[in-house]
Amino acid sequence: MIALYSADGCVVGSTTRARMRAEGLWHAATAILVRSLDGRRVYVHRRSPDKDVFPGLRDCGVGGVVDAGEDPADGALRELAEELGITGAPLTFLYRFTFDQPPVRCHNFVYETSWDGPVVHQPEEIVSGGWMDLDEVAAQLRDPATDFVPDGRAIALEWLRRYHD
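Okay, so let's go over this structure.

### Topic: the nonpolar core
- One finds Cys 60, Tyr 95, Val 110, Val 137, Leu 141 and Trp 159 to be the most contacted residues of the largest nonpolar core, which totals 24 residues.
- Residue assignment for this core shows that the elements contributing at least two residues are strand 3 (27–35), strand 4 (41–47), strand 6 (92–101), strand 7 (104–114), helix 3 (134–142) and helix 4 (150–163).
- Beyond its immediate chain neighbours, meaning those up to four positions away, Leu 141 contacts Cys 60, Phe 148, Arg 153, Ala 156, Leu 157 and Leu 160.
- Of all hydrophobic cores here, the second largest spans 18 residues; its members include Ala 76, Ile 86, Tyr 111 and Ile 126.

Encoded structure:
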């Protein structure tokens, strides 16, 4: 079960992931941007072709849907460990970002962490990934022809606007 949200960002109940996807219901997700310790690189990955939304595209944030009754910060830590095998890295909450392009209607809780340790992909979620220079990531995100997921692109462009432009 996942947390069901209202359009204005309040938890209003719970539902199944399948119903949320089928009906394009409002929900919440976490998005974690992983930077190198020196801050010059960002971890970018390619999503599995089996993902239920935006399969096979690239993203510079990891994360996932907030479970029913779950605090978004706990969900962010869980997703970071599941998808990249990163544990013990402190998260910094940055902002909340609403993405409303049906069928995806989501309140995203955006976090950042720094990490130079090993990365272990969860094969069901990620097929490949690696570090990219911040300037290169920014250029690719600003180019609409690149293959980044729409919600991840919007979240990262807001991150760049707030913290790097």
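### A look at the packing of helix 3 against helix 4
- Packing of helix 3 against helix 4 leaves a shortest axis separation of 10 Å and a crossing angle of 125 degrees. Considering the angle they form, helix 3 stands oblique to helix 4. As for the relative orientation of helix 3 and helix 4, their crossing is left-handed in sense. Every residue of helix 4 that contacts helix 3 at Leu 134, Ala 138, Gln 140, Leu 141 and Arg 142 is listed here: Arg 153, Ala 156, Leu 157, Trp 159 and Leu 160.
- Here the residues of the contact of helix 3 with helix 4 are counted per class, giving seven nonpolar, one polar and two charged.

### Description of the layout of surface pockets
- One number sums up the size of the largest pocket: a volume of about 470 Å³.
- In terms of lining, the largest pocket is formed by 31 residues, of which the most central are Thr 30, Arg 47, Gly 63, Gly 64 and Asp 151.
- Taken together, the elements giving at least two residues each to the lining of the largest pocket come down to helix 1 (17–23), strand 3, strand 4, helix 2 (72–84), strand 7 and helix 4.

### Quick look at the side chain of Arg 35
- With respect to the helices, strands and loops of the structure, Arg 35 is situated in strand 3.
- Among the polar contacts made by the side chain of Arg 35, one reaches the main-chain carbonyl oxygen of Gly 39 at a distance of 2.5 Å.
- At a separation of 3.4 Å, a polar atom in the side chain of Arg 35 contacts the side chain of His 164.
- Setting aside its immediate chain neighbours within four residues, Arg 35 contacts Arg 41, Val 42, Glu 112, Thr 113, Ser 114, Trp 115, Trp 131, Leu 134, Trp 159 and His 164.

### Thoughts on unusual backbone geometry
- Residue Pro 103 follows Pro 102 across a cis peptide bond; omega there is 15 degrees.
- Position of Pro 103 relative to the elements: it lies in the loop between strand 6 and strand 7.
- Not every positive phi belongs to a glycine, and Phe 54 is a case in point at roughly 55 degrees.
- Counting through the fold element by element, Phe 54 comes out in the loop between strand 4 and strand 5 (58–59).

### Some points on the packing of aromatic side chains
- Under the counting rule described, the total for this entry stands at four aromatic pairs.
- With 5.3 Å between their ring centres and 85 degrees between their planes, Tyr 43 and Trp 131 make a pair best called edge-to-face. On the criterion of sequence distance, the pair formed by Tyr 43 in strand 4 and Trp 131 in strand 8 (residues 126–133) is long-range, its members being 88 residues apart.
- A centroid spacing of 5.4 Å and a plane angle of 70 degrees characterise the contact between Phe 93 and Tyr 111, whose relative ring orientation is edge-to-face. Here Tyr 111 lies in strand 7 and Phe 93 lies in strand 6, a separation of 18 residues in the sequence.
- An aromatic cluster of at least three residues, connected via ring pairs, comprises Phe 93, Phe 109 and Tyr 111.
- The aromatic ring of Trp 131 is capped on one face by Arg 41, whose charged end is 4.9 Å from the ring centroid.
- Across the ring face of Tyr 95, the terminal group of Arg 162 is positioned such that the distance to the ring centre comes to 4.3 Å.

About the thresholds
Residues numbered from 1 in each chain as written. Predicted model: local features only at pLDDT ≥ 70, side-chain atom pairs only at ≥ 80, totals over all residues. Heavy atoms only, no water. Core = buried A, V, L, I, M, F, W, Y, C linked by side-chain atoms within 4.5 Å. Buried < 20%, exposed > 50% of the residue type's maximum accessible area, 1.4 Å probe, protein only. Helix = DSSP H or I, 4+ residues; strand = E, 2+ residues; numbered from the N terminus. Contact = heavy atoms within 4.5 Å. Axes fitted to C-alpha atoms, helices over the stretch in contact; angles between N-to-C directions. Parallel < 35°, antiparallel > 145°, perpendicular 65-115°, else oblique. Left-handed = near helix turned anticlockwise from the far one by under 90°. Nonpolar A, V, L, I, M, F, W, Y, C, P; charged D, E, K, R; others polar. 1 Å grid on protein atoms, 1.4 Å probe; cavity = no way out; pocket = protein on both sides within 12 Å on 5 of 7 lines; lining within 4 Å. Points joined across faces, edges and corners; volume = space filled by probe spheres on them. Polar contact = N/O pair within 3.5 Å; in protein donor to acceptor, adjacent residues only side chain to side chain. Phe/Tyr/Trp six-rings, centres within 6.5 Å; stacked < 30°, edge-to-face > 60°. Lys NZ or Arg CZ within 6 Å of the ring centre and 35° of its normal.

Shape is all these values report; function is a separate question.
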